[in-house]
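# A closer look at the structure
Each chain is listed here by its residues.
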Amino acid sequence: EEGPTCRLGVSSLEEITSSLIIQLDDPDAEIRRHVAEVFTTLLDIQRSDSNNCDNIAQSTEMKSKVIEMMDDKFRTAFKSHRYTQHINSLLENILDLKKEISQRNDKII
């Protein structure tokens, strides 16, 4: 019997992030905008409980891992990409998300 799971695992989200982040440096502004929207949606999934983990502790751990992974990848991309407007917005979104999760954890404790 398998243990509890979340619908989107860290490795799946890391593959999606790695594949799409390259597109944030596409010369076509429309492509960059759409990719940023996809990333915003992925972050919103972490913000809500819509990843449907089997328990709160697993959900919190999963969110933290995903957010840290995305944060690392966006920071790396920010240094190497020519077009950084959307990356900067996504990094701000991640910072806000980290604060929200930290405040939620403080309320649980």
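Residues numbered from 1 in each chain as written. Predicted model: local features only at pLDDT ≥ 70, side-chain atom pairs only at ≥ 80, totals over all residues. Heavy atoms only, no water.

A separate point is helix 1 (residues 10-21). Helix length check: helix 1 (twelve residues) gives 16 Å between terminal C-alpha atoms against 16 Å at 1.5 Å per residue, within 8%. When we look at burial in helix 1, the residues that qualify are Leu13, Thr17 and Ile21. All buried residues of helix 1 lie within an arc of 55 degrees about the axis, which places them on one face of the element. What points out from helix 1, more than 90 degrees from its buried face, is the exposed set Ser11, Glu15 and Ser19. (Helix = DSSP H or I, 4+ residues; strand = E, 2+ residues; numbered from the N terminus. Expected span 1.5 Å × (residues − 1). Buried < 20%, exposed > 50% of the residue type's maximum accessible area, 1.4 Å probe, protein only. Arc of directions from axis to C-beta.)

This part takes up the packing of aromatic side chains. Taken as a whole and assessed by the stated rule, the structure comprises one aromatic pair. Ring centres of Phe39 and Phe74 lie 5.0 Å apart, and the angle between their planes is 85 degrees; on these two criteria the pair is classed as edge-to-face. Here Phe74 lies in helix 3 (residues 56-80) and Phe39 lies in helix 2 (residues 29-47), a separation of 35 residues in the sequence. Judged by relative accessible area, Phe39 falls into the buried class, the value being 0%. (Phe/Tyr/Trp six-rings, centres within 6.5 Å; stacked < 30°, edge-to-face > 60°.)

A full pass over the atoms with the stated rule returns seven salt bridges. One salt bridge in this structure joins Glu14 and Lys73, with 3.8 Å as the shortest N-O distance. Residue Glu14 is found in helix 1, and its partner Lys73 is found in helix 3; the two are separated by 59 residues along the sequence. We classify Glu14 as partly exposed; its relative accessible area is 35%. You can call Lys73 partly exposed: its relative accessible area is 24%. Ionic pairing is found between Glu30 and Arg33, a salt bridge with its closest N-O pair at 2.5 Å. (Salt bridge = Lys/Arg side-chain N within 4 Å of Asp/Glu carboxyl O.)

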